[in-house]
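Understanding the architecture of this molecule
Next come the chains, spelled out residue by residue.
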Amino acid sequence: MTVADRLARNRFETDEEEPHIQVNQEVARRTGAADILIAVCPARVYSKEPDGSIGVEYAACLECGTCLAVAPAGSLQWHYPRGGFGVQFREG
Ligand code: SF4
């Protein structure tokens, strides 16, 4: 089974009321955070929007924490999803 096959078996419970990832667009723009976040995220959560802002598809987050470790200071707020929400790994 490939890594892609394993990832496809994950389930996600999306918290529509409280996103667990929020980007400070002003700080992100000033620090070039978009390129960093897009490069490190294995789930392709981040994207560059036409207006230059960072898009965040937080529902697909694997909760690995990599973006939090490398994001320029003040550009990202990240916490684990509330209980019952987030990713459920089916293959380890
Ligand atoms: S925690 Fe991992 S999967 Fe989630 S957005 Fe950050 S880098 Fe992507």
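For the structure, see preceding data.
Residues numbered from 1 in each chain as written. Predicted model: local features only at pLDDT ≥ 70, side-chain atom pairs only at ≥ 80, totals over all residues. Heavy atoms only, no water.

Quick word on the pattern of salt bridges
Threshold: Only one rule defines a salt bridge in this text: a Lys or Arg side-chain nitrogen within 4 Å of an Asp or Glu carboxyl oxygen. Per the convention used, a helix needs a DSSP run of H or I reaching at least four residues, while a strand needs a run of E reaching at least two, with both numbered from the N terminus. Partly exposed residues are those whose accessible area sits between 20% and 50% of the maximum for their type, while under 20% is buried and over 50% is exposed, using a 1.4 Å probe and protein chains only.
In the structure shown here, the tally under the stated rule is 5 salt bridges. Between Asp15 and Arg82 there is a salt bridge, with its nearest N and O atoms 2.7 Å apart. Separated by 67 residues along the polypeptide, Asp15 in the loop between strand S1 (11-13) and strand S2 (21-23) and Arg82 in the loop between strand S5 (76-78) and strand S6 (86-88) bring together distant segments of the chain. According to the relative accessible area criterion, Asp15 is buried, its value standing at 4%. With its nearest N and O atoms 3.8 Å apart, the salt bridge here joins Arg82 to Glu18. Here Glu18 lies in the loop between S1 and S2 and Arg82 lies in the loop between S5 and S6, a separation of 64 residues in the sequence. Residue class for Arg82 comes out partly exposed when judged on its relative accessible area of 33%. Accessibility expressed as a relative area gives 33% for Glu18, which makes it partly exposed.

Some words on unusual backbone geometry
In the Ramachandran plot, Arg44 falls in the positive-phi region, its phi being about 55 degrees despite a non-glycine side chain. With respect to the secondary-structure elements, Arg44 resides in the loop between helix H3 (33-40) and strand S3 (46-48). The phi dihedral of Glu63 falls on the positive side, at around 60 degrees, and the residue is not glycine. You can see Glu63 is positioned in the loop between strand S4 (54-56) and helix H4 (66-70).

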